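Residue-level structural notes
As a plain string of letters, each chain reads:
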Amino acid sequence: MSVDPTATSDLLDVVAAFLRRYVAFPNEHASSAATLWVLHAYAIEAFESTPRLALLSPEKGSGKTRTLEVLALVTPEPLHTGNVSPAALY
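Residues numbered from 1 in each chain as written. Predicted model: local features only at pLDDT ≥ 70, side-chain atom pairs only at ≥ 80, totals over all residues. Heavy atoms only, no water.

For residues besides glycine, phi is generally negative; the peptide bonds are generally trans as well. Despite not being glycine, Glu77 shows a phi value in the positive range, around 50 degrees. Inspection of the secondary structure puts Glu77 in the loop between helix H3 (64-74) and helix H4 (86-89). (Helix = DSSP H or I, 4+ residues; strand = E, 2+ residues; numbered from the N terminus.)

Dropping the structure here:
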């Protein structure tokens, strides 16, 4: 199966713009990481392992939950696992 790199690039630009519209990322690298993580989520079956997206901040109210809410809108089958037991997760 052939993938048009231009179409993929355009799609990533749209996803990045959407994320940046609702999330104040600390820098462009964080925005790129979140965007690429969304792409990875759609292609997860092609990988043997997957990275975890860590949203870290020393302060409350910095937008971690908002970022998760926005990512859930563009990620396939989102599952919030902040307070889930290991048994329920597996």
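Turning our eyes to something else, we now look at the nonpolar core. Core analysis: the biggest nonpolar cluster contains 9 residues, these being Val15, Leu19, Val23, Phe25, Ala34, Val38, Val70, Leu71 and Val74. Secondary structure elements with two or more residues in this core: helix H1 (5-22), helix H2 (28-42) and H3. When near neighbours in sequence (up to four residues on either side) are disregarded, Ala34 contacts Leu19, Phe25 and Leu71. (Core = buried A, V, L, I, M, F, W, Y, C linked by side-chain atoms within 4.5 Å. Buried < 20%, exposed > 50% of the residue type's maximum accessible area, 1.4 Å probe, protein only. Contact = heavy atoms within 4.5 Å.)

So, about the environment of Leu36. Looking at the element boundaries, Leu36 is found in helix H2. Among the residues examined, Leu36 registers a relative accessible area of 47% and is labelled partly exposed. With 21 residues separating them in the primary sequence, Leu36 and Val15 have C-alpha atoms 9.3 Å apart.

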